[in-house]
Amino acid sequence: MKRLLPSLRAKKRYLAFELIFEVPVSRSDLVKEVMSSASSLLGDVTASECDIKVLGFEESKGIIQCSHTKVKETRASLATLTRVNGKRATVHILGTSGTIKRATEKFLQNTAFEPEIRKIQNI
């Protein structure tokens, strides 16, 4: 089967998020709650148009993929998430990006600030 041209593919956005929770949760529990909160707030039709997918989730941070036209609706549905597996939890969106690479570099990397040190030469 032939691949689609880039101009014909559906555009996506990637939301970097942090999950704040009482007890650690598994990825499968998070996926269930994200999908149920989206369908309860937006309805089944709009939730399917959002095309929400949890791409990665490790420890407390992860990336969610959604349609580029439904970013606001996706963020709203994630804001309504208050419990995961019966325990209190909330999703904090760190930022939005057009590529996975940029989302991880910009929002998920914990780099310490290291100023550039220049040598002053006495002439």
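Residues numbered from 1 in each chain as written. Predicted model: local features only at pLDDT ≥ 70, side-chain atom pairs only at ≥ 80, totals over all residues. Heavy atoms only, no water.

Undergrad: Is there a simple way to think about the nonpolar core in this case?
TA: Side chains that are nonpolar tend, in soluble globular proteins, to be buried together. Among the nonpolar cores identified, the biggest contains 21 residues, and Phe17, Leu19, Leu30, Phe57, Leu78 and Val91 are the most heavily contacted of them. Put simply, the parts of the chain that give this core at least two residues each are β1 (12-21), α1 (27-42), α2 (44-50), β2 (53-58), β3 (61-67), α3 (71-79) and β5 (87-97). Contact partners of Leu30, with chain neighbours within four places excluded, come to Phe17, Leu19, Val54, Phe57 and Val84. Tyr14, Ala16, Phe107 and Leu108 belong to the second-largest nonpolar core, a separate cluster that totals six residues. (Core = buried A, V, L, I, M, F, W, Y, C linked by side-chain atoms within 4.5 Å. Buried < 20%, exposed > 50% of the residue type's maximum accessible area, 1.4 Å probe, protein only. Helix = DSSP H or I, 4+ residues; strand = E, 2+ residues; numbered from the N terminus. Contact = heavy atoms within 4.5 Å.)

Undergrad: I tried to follow the sheet that holds strand β4 (residues 83-84) on my own but got confused; where do I start?
TA: Note on sheets: strands pair through backbone hydrogen bonds, and any given pair is parallel or antiparallel. Strand order in the open sheet made by the five strands is β2-β3-β1-β5-β4, with antiparallel pairing throughout. The outermost strands of the open sheet, each flanked by one partner alone, are β2 and β4. Two strands pair when backbone bridges link them, and β4 and β5 are joined in this way by two bridges, in the antiparallel orientation. In the sheet register, Arg83 faces β5, and the bridge partner there is Arg88. (Pairing = 2+ DSSP bridges.)

Undergrad: Is there a simple way to explain α1 in this structure?
TA: Note: α-helices contain 3.6 residues per turn, so residues at a spacing of three or four share the same orientation. Here α1 is 16 residues long and its end C-alpha atoms lie 22 Å apart, about the 22 Å a rise of 1.5 Å per residue gives. Listed as buried for α1 are Asp29, Leu30, Val34, Ser37 and Ala38. Each buried residue of α1 sits inside an arc of 160° when the element is viewed along its axis, so together they form one side. Among the exposed residues of α1, those pointing more than 90 degrees away from its buried face are Lys32 and Ser40. Remark: Gly43 follows α1 within two positions and exhibits a positive phi of approximately 95°. (Expected span 1.5 Å × (residues − 1). Arc of directions from axis to C-beta.)

Undergrad: Would you mind showing me how to read the side chain of Ser67 here?
TA: Considering the arrangement of structural elements, one finds Ser67 in strand β3. The class of Ser67 is buried, set by a relative accessible area of 15%. If near-sequence neighbours (up to four positions away) are discounted, Ser67 is found in contact with Lys11, Glu49 and Cys50.

Undergrad: Mind showing me how you'd approach the packing of aromatic side chains here?
TA: Where two aromatic rings form a pair, the distance of their centres and the angle of their planes describe that pair. Applying the stated criterion across every chain yields a total of one aromatic pair. Ring centres of Phe17 and Phe57 lie 6.1 Å apart, and the angle between their planes is 5°; on these two criteria the pair is classed as stacked. In this pair, Phe17 is assigned in strand β1 and Phe57 in strand β2, connecting sequence segments 40 residues apart. Like Phe57, Phe17 is buried. (Phe/Tyr/Trp six-rings, centres within 6.5 Å; stacked < 30°, edge-to-face > 60°.)

Undergrad: Please explain the layout of surface pockets as it appears in this structure.
TA: Over the atoms rolls a probe the size of a water molecule, and in doing so it shows where empty space is left. Empty space within the largest pocket amounts to approximately 200 Å³. Taken together, Gly56, Phe57, Glu58, Glu59, Ser60, Lys61, Gly62, Ile63, Thr104 and Leu108 make up the lining of the largest pocket. Every element with two or more residues in the lining of the largest pocket is listed here: β2, β3 and α4 (100-108). For the lining of the largest pocket, the per-class residue count stands at three nonpolar, four polar and three charged. (1 Å grid on protein atoms, 1.4 Å probe; cavity = no way out; pocket = protein on both sides within 12 Å on 5 of 7 lines; lining within 4 Å. Points joined across faces, edges and corners; volume = space filled by probe spheres on them. Nonpolar A, V, L, I, M, F, W, Y, C, P; charged D, E, K, R; others polar.)

Undergrad: Quick question: what am I supposed to make of the pattern of salt bridges here?
TA: Once their charged atoms are close, side chains differing in charge can pair, the charge on each being opposite to the other. Taken as a whole and assessed by the stated rule, the structure comprises three salt bridges. Of the charged contacts, one joins Arg88 and Glu22 as a salt bridge, the two residues approaching to 3.1 Å between their closest N and O atoms. Here the residue Arg88 occupies a position in strand β5, and Glu22 occupies one in the loop between β1 and α1, the gap between them amounting to 66 residues. Close ionic contact of Glu49 with Lys70 constitutes a salt bridge, the shortest N to O distance being 3.4 Å. Taken together, the residues span a long stretch of sequence, with Glu49 in helix α2 and Lys70 in the loop between β3 and α3 at a distance of 21 residues. Exposure remark for Lys70: the relative accessible area of 17% places this residue in the buried category. (Salt bridge = Lys/Arg side-chain N within 4 Å of Asp/Glu carboxyl O.)

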